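Inside the fold
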Amino acid sequence: MSLKRWAALAAPVLVAGGVLAASHAGAQEFLRFGPTGEGPSQARSGGYDRSFIREWQANPPKGYPTLNKANLEPTRKAVARYEQIVATGGFPLVPQVEVEPGMTDAAVSVLRRRLQRSGDLDAAETNYPEHYSSDLVTAVKRFQASNGLAPTGVVDRRTIAALNVPSEVRLAQLKTNLTRLNDLSGMVRKRYVMVNIPAAQIEAVENNAVAMRYSGVVGKPDRPTPLLRSTITDLAFNPPWTLPPTVIKEDLIPKGRDMQSKGQNVLVKYGIDAYEGGKKLDPEAINWASNRPFQLTYRQIAGKENPLGFLKINFANSESVYMHDSPKESLFGRNFRAASSGCVRVQNIADLATWLLAGQGTADQVEHLRESGETRTVRLRRPVPLYFAYVTAWATPDGVIQFRPDLYLKDGVGKVAAAY
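Figured I'd write up the structure that's included with this text. Computed from a prediction, not measured in an experiment: that's the story for all the values here. (Residues numbered from 1 in each chain as written. Predicted model: local features only at pLDDT ≥ 70, side-chain atom pairs only at ≥ 80, totals over all residues. Heavy atoms only, no water.)

**Structural notes on the pattern of salt bridges**
Rules: Every case where a carboxyl oxygen of Asp or Glu lies within 4 Å of a side-chain nitrogen of Lys or Arg is listed as a salt bridge. Working definition: helices are DSSP H or I runs of at least four residues, strands are E runs of at least two. Numbering for both runs from the N terminus. Each residue is placed in one exposure class: buried if its accessible area under a 1.4 Å probe, protein chains only, is under 20% of its type's maximum, exposed if it is over 50%, and partly exposed if it falls in between.
For the coordinates displayed, the defined rule picks out 13 salt bridges. Between Arg 191 and Glu 206 there is a salt bridge, with the nearest N and O atoms lying 3.3 Å from each other. Of this pair, Arg 191 sits in strand 3 (residues 191-196) while Glu 206 sits in strand 4 (residues 201-206); the two residues are 15 residues apart in sequence, bridging distant segments of the chain. Assessed through its relative accessible area of 31%, Glu 206 is described here as partly exposed.

Here's what the structure looks like:
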């Protein structure tokens, strides 16, 4: 189902950083590091068209800029609201019962009270509190969207986990993130790119408005994407891939040793070249059981098997990370997108490249480079500021309070806020 068709059929819901309409508030399998499932909890397969999840997550609505100073006062108000919620008893615990529109279950009445407490549902009286009615479906969609989940209206395990993050935890996150927002919003310029790591989204911002928002893939919890502030300086089209240290240590060498024990060669199979002192080595001469592989440099030529795809976005940093394309489009349609070794993959990266090249290059020229496979580096005439930020809780001028999973446990509230 397309987004336009869904929007025509569904009730208005919140979107990334704002509202959609008026509402209440193979050959490289081991090197691509793609998600192998739906994240910490598996979503159920029935009750909705799963292609909707893929389309929603891969093509997020623009919404409001996360780092905008205009979000500070709404976030302060959100802190005050959650202080009141905590003081008056917090949220009821939603039972671990998955429900779909039209169902009747005792768990629905608890769900109703939970959403009323957070303001996602009007506190209107009903004669059928255990029936999952249309007004409650709209509230669930609203809640899902403001928590970074595709608004399906189906209360699956991931949604239940988000609903059951205690109000005290949400309050602590809002306070922590208010400090982050206050610091970060004072840094940003009129035109910049921001990666919100917990949201796994990228914003291209100009004049306090989101020009484009992209789905992203960020680092796994054990290989986190670093926080940083830098400047995008050049675009490398159809680049060779120099394997970063983490990939060499954690993936290539273990794979090389395993394959060597079976009489196979990892470099030959995956089309990777090894270098020592700038000299290309014979792949059959490398003993993967020794320490020598740790001292070598590895590179893969440009092509469809190259995990960088057709574009790598370069910026100075001490962490050996970058932003890049991905040959595996399906990664961007997952709810859970913490799946890389620290670099950030960008959906629709050709559009971002065109935006970065404003006044210097066109969409047709970018597409030509994609189709031709020509390796070329283009230096930006106007370098663009870049921020890798960690924002898990904030509010926007329309009064919507947004939460995202505490992916790397940086909020100091334990694992409960990372469970979805």
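**Regarding the packing of helix 4 (residues 72-87) against helix 8 (residues 167-185)**
What counts, and what does not: Structural elements are reduced to axes, namely lines fitted to C-alpha atoms, with helices fitted over the stretch in contact, and the angle between N-to-C directions of any two is expressed from 0 to 180 degrees. Should an angle fall under 35 degrees it is taken as roughly parallel, and over 145 as roughly antiparallel, whereas 65 to 115 is taken as roughly perpendicular and any remaining angle as oblique. The crossing is said to be left-handed when, going from far helix to near helix, the turn is anticlockwise and less than a right angle, and right-handed when the turn is clockwise. For this analysis, residues touch if any pair of their heavy atoms sits within 4.5 Å.
Direction vectors running N to C along helix 4 and helix 8 enclose 165°, while the axes themselves pass 9 Å from each other. Considering the angle they form, helix 4 stands roughly antiparallel to helix 8. Between helix 4 and helix 8 lies a crossing of left-handed hand. In this structure, helix 4 uses Leu 72, Thr 75, Arg 76, Ala 78, Val 79, Tyr 82, Glu 83, Ile 85 and Val 86 to contact helix 8, whose residues at the interface are Ser 167, Glu 168, Arg 170, Leu 171, Leu 174, Lys 175, Leu 178, Leu 181, Asn 182 and Ser 185.

**Some thoughts on helix 6 (residues 134-146)**
Going by this rule: Given a helix with a known number of residues, its expected span is that number minus one, times 1.5 Å.
Counted at 1.5 Å a residue, the expected span for helix 6 with its 13 residues is 18 Å, and the 19 Å between its end C-alpha atoms agrees. Burial analysis of helix 6 places eleven of its 13 residues in the buried class, which makes it a mostly covered element. Within the span of helix 6, buried status applies to Leu 136, Val 137, Thr 138, Ala 139, Val 140, Lys 141, Arg 142, Phe 143, Gln 144, Ala 145 and Ser 146. Gly 148 occupies a position one or two residues after helix 6 and carries a positive phi of about 80°.

**A few points about unusual backbone geometry**
Backbone phi values are negative for most residues with the exception of glycine, while trans is the configuration of most peptide bonds. A positive phi angle, close to 50°, is found at Asn 238, a residue other than glycine. Note on placement: Asn 238 falls in the loop between strand 6 (228-237) and strand 7 (241-242). For Leu 409, which is not a glycine, the phi torsion comes out positive at approximately 55°. The topology assignment puts Leu 409 in the segment after strand 17 (401-403). The exposure class of Leu 409 is partly exposed, given its relative accessible area of 41%.

**Remarks on the side chain of Ser 118**
Using the following cut-off: Counting of polar contacts relies on pairs of N or O atoms within 3.5 Å, with two restrictions inside protein: one atom must be capable of donating a hydrogen and the other of accepting it, and residues adjacent in sequence are counted only when both atoms are side-chain atoms.
With respect to the element layout, Ser 118 can be found in helix 5 (residues 106-118). A polar contact is formed between the side chain of Ser 118 and the side chain of Arg 114, at a distance of 3.1 Å. Not counting the four nearest positions on each side in its chain, Ser 118 is found in contact with Arg 81, Tyr 82, Ile 85 and Phe 91.

**With respect to the packing of aromatic side chains**
Keep this limit in mind: Here is the rule: rings of Phe, Tyr and Trp (six-membered ring for Trp) pair when centre to centre is within 6.5 Å. Planes less than 30 degrees apart are stacked, more than 60 are edge-to-face, and the remainder are tilted. We call a charge positioned over a ring when the NZ of a Lys or the CZ of an Arg lies within 6 Å of the ring centre and within 35 degrees of the ring normal.
Summed over the entire model, instances satisfying the criterion amount to eight aromatic pairs. Between Tyr 82 and Phe 91 the ring centres are 6.0 Å apart and the planes differ by 85°, which places this aromatic pair in the edge-to-face class. Three or more aromatic residues joined by ring pairs make a cluster, and in this case those are Tyr 82, Phe 91 and Phe 403. Residue placement shows Lys 312 over the ring face of Tyr 322; its charged tip is 4.7 Å from the ring centre.

**Describing the sheet that holds strand 9 (residues 279-280)**
Heads up, the condition is: Should DSSP find at least two bridges between two strands, the strands are regarded as paired.
Pairing in this open sheet of four strands is antiparallel, and the strands run 7-10-8-9 from one edge to the other. For this open sheet the edge positions go to strand 7 and strand 9, each flanked by a neighbour on one side alone. Across two bridges, the pairing between strand 7 and strand 10 (residues 297-300) is antiparallel. Paired with Trp 241 across the bridge in strand 10 is Gln 300.

On their own, these measurements won't tell you what the molecule is for.
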